[in-house]
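Below are the chains, spelled out letter by letter.
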Amino acid sequence: MDNFQLSGIQQIGIGTEDMVASWKWYADMFQMNIRMLEDDTVAERMLPYTSNKPEKRHACIAANLQGGGGFEIWQYSERKPLPIDFDVQIGDLGVFCAKVKTHDIAAYHAELAAKYKNISQIHTEPNGMPTFYLYDPNGNLFQVVEDKYVFIDENRYSGGVVGAMIGVTDIDKALTVYRDILGYDTVVYDKNGAFSDWQTLRGGTQRYRRVLLTHSQPFVGPFANLYGESAIELVQAMDRTPRKIFEKPRQWGDPGYIQICFDVVNMRALGEHCAAHGHPFTVDSCPGGEDFDMGLASGHFTYIEDPDGTLIEFVEVHRIPISNRFNIGINLMKRDRSKPLPTFLFRLMKLNRVKFD
């Protein structure tokens, strides 16, 4: 394979002070209850973002089989997490909002509003689509958007991650990463002003430039059918100087959105592409071509930064667990990775569903 392929958004990383409590909340609200991976070891490859010190952590990747990306829920095990000491506003630099999907926005809004109060009314996005917002108990903002695609129907309204809002200082400069590297090359809207759907959010009454991007080329790869289509919304504050969400002494893994992660096929070709566009890998888990082993799972992960330092992760999966209970996994390196995995294999992942008390 001479070129790389993106399969979609694998996950958005969320740092937390209590991984289990956060996971329970996300399972209840978003049905993120399929354990794709859980690991309680030392993060040795992230030294540029952990003050050059290996840090022990407890993390999981949780998914919703109705489709979309998952959450990587992440907690330091020994280092005390350092929370954000200010209220993150729209447009602050970094991932400040995760987009999750539903196939029936009115019914899902009614379901959530019946059990949770920190939720907006249904509004209209600049493209005319219905949307609503909610903050989780830790202050992380989520946008719910309507998307009729359902991968495996589990008779629920919620789906997984289908994008993110990312604060940048200069949208035109940031397009080098989000359009030219990641392939989000189609402008859905490019609007300036104050927006009606943001009025109740932190900083929502201010003026912004708001650009919603999607991709003209379909995602390809083993997990493309699970992840589905997605969008990146770049937001530039016009009335104030935005703050960097992960400014020092906070570091990767501290509470908040720590990264957005894309599934990739042919990491080496992607690395050449990123470097050619001025954004080389800042972390490479397998610089010598070795495998990064995570028990039943294995693969290769890398990171780049956008012009404002927002972390973008890439993961090339080599082996994926299908059933942790029965010690079953698939070696993707022994199959054509341009083709999606059969749906029945994802159905087997229901054996990995986590039930909370």
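Residues numbered from 1 in each chain as written. Predicted model: local features only at pLDDT ≥ 70, side-chain atom pairs only at ≥ 80, totals over all residues. Heavy atoms only, no water.

The subject of this paragraph is the overall build of the protein chain. Each helix and strand counted, the protein chain has six helices and 19 strands in total. By the burial criterion, 58% of the 357 residues in the protein chain qualify as buried. Contacts in the protein chain between residues far apart in sequence, at least 24 positions, make up 71% of those at least 6 positions apart. Of the roughly 14,600 Å² of accessible surface on the protein chain, a fraction of 49% belongs to carbon and sulfur atoms. (Helix = DSSP H or I, 4+ residues; strand = E, 2+ residues; numbered from the N terminus. Buried < 20%, exposed > 50% of the residue type's maximum accessible area, 1.4 Å probe, protein only. Contact = heavy atoms within 4.5 Å. Areas by Shrake-Rupley, 256 points an atom, 1.4 Å probe, with all protein chains shown as cover.)

The grouping of Phe344, Leu348 and Leu351 at the surface amounts to a nonpolar patch, some 260 Å² of accessible area in total. Inspection of the secondary structure assignment puts Leu348 in helix H6 (residues 343-348). (Patch = residues over 30% accessible without salt bridge, like charges linked within 9 Å, V, L, I, M, F, W, Y side chains within 5 Å. Salt bridge = Lys/Arg side-chain N within 4 Å of Asp/Glu carboxyl O.)

This next bit is on the pairing of strand S5 (residues 70-76). Counting buried residues in S5 gives six out of seven residues, a clear majority hidden from the surface. The sheet contact formed by strand S1 (residues 5-15) and S5 spans five bridges and is parallel. Considered in S5, the bridge of Gln11 is made with Gly70. Alignment of strand S4 (residues 55-63) against S5, held across six bridges, turns out to be antiparallel. (Pairing = 2+ DSSP bridges.)

With an omega of 15°, the peptide bond between Lys248 and Pro249 qualifies as cis. Counting through the fold element by element, Pro249 comes out in the loop between strand S13 (231-237) and strand S14 (256-265). The backbone of Asn155 sits at a positive phi, close to 60°, despite the residue not being glycine. In this model, Asn266 sits at a positive phi of 75°, which is unusual for a non-glycine residue. The class for Asn266 is buried, based on a relative accessible area of 13%.

On to the state of the cysteines, then. In total, this model carries zero disulfides according to the counting rule given. Cys60 forms no disulfide, and the closest cysteine sulfur to it belongs to Cys261, at a distance of 14 Å. Exposure remark for Cys60: the relative accessible area of 1% places this residue in the buried category. (Disulfide = S-S within 2.5 Å.)

Once that is clear, we can look at helix H1 (residues 19-30). Along its twelve residues, H1 runs 16 Å from first to last C-alpha, staying within 8% of the 16 Å computed at 1.5 Å per residue. Taken together, the buried positions of H1 are Met19, Ser22, Trp23, Trp25, Tyr26, Ala27, Met29 and Phe30. Measuring from the backbone nitrogen of Val20 back to the side-chain oxygen at the start of H1 gives 3.3 Å, which picks out Asp18 as the cap. One or two steps after H1, the chain reaches Gln31, where phi turns positive at roughly 55°. (Expected span 1.5 Å × (residues − 1). Polar contact = N/O pair within 3.5 Å; in protein donor to acceptor, adjacent residues only side chain to side chain.)

Attention now moves to the packing of aromatic side chains. Inspection of the entire model under this criterion finds 26 aromatic pairs. Between Phe30 and Phe142 the ring centres are 4.9 Å apart and the planes differ by 45°, which places this aromatic pair in the tilted class. Of this pair, Phe30 sits in helix H1 while Phe142 is found in strand S9 (residues 141-146), placing the two residues 112 residues apart along the sequence. Exposure class is identical for Phe30 and Phe142. Each is buried. With 6.2 Å between their ring centres and 55° between their planes, Tyr108 and Phe132 make a pair best called tilted. Linking Tyr108 in helix H2 (residues 105-113) with Phe132 in strand S8 (residues 130-135), this pair joins segments that are 24 residues apart in sequence. For the pair shown, Tyr108 and Phe132 are each scored as buried. An aromatic cluster of at least three residues, connected via ring pairs, comprises Trp25, Tyr26, Phe30, Phe71, Tyr116, Phe142 and Tyr257. One cation-aromatic arrangement involves Arg79 over Tyr76; the distance from NZ or CZ to the ring centre is 4.7 Å. (Phe/Tyr/Trp six-rings, centres within 6.5 Å; stacked < 30°, edge-to-face > 60°. Lys NZ or Arg CZ within 6 Å of the ring centre and 35° of its normal.)

This part is about the environment of Phe4. Residue placement: Phe4 occurs in the segment before S1. On the basis of relative accessibility, which here comes to 16%, the residue Phe4 falls in the buried class. Sequence separation between Phe4 and Ile14 is ten residues, and the spatial gap between their C-alpha atoms is 27 Å. If we skip the residues at most four places from it in the chain, Phe4 touches Ile181, Val264, Val265, Asn266, Ala269, Leu270 and His273.

Take the sheet that holds S13 next. Reading across the sheet, the eight strands line up as S7-S8-S9-S6-S10-S13-S12-S11 and stay open at both edges, with mixed pairing between neighbours. A single partner strand is all that each edge strand has here, and the edge strands are strand S7 (123-124) and strand S11 (186-193). The strands touched by H2 within the sheet are strand S6 (94-102), S8, S9 and strand S10 (158-167), with S8 carrying the most contacts at an inclination of about 20°. (Axes fitted to C-alpha atoms, helices over the stretch in contact; angles between N-to-C directions.)

These values are about where atoms sit, not about what they do.
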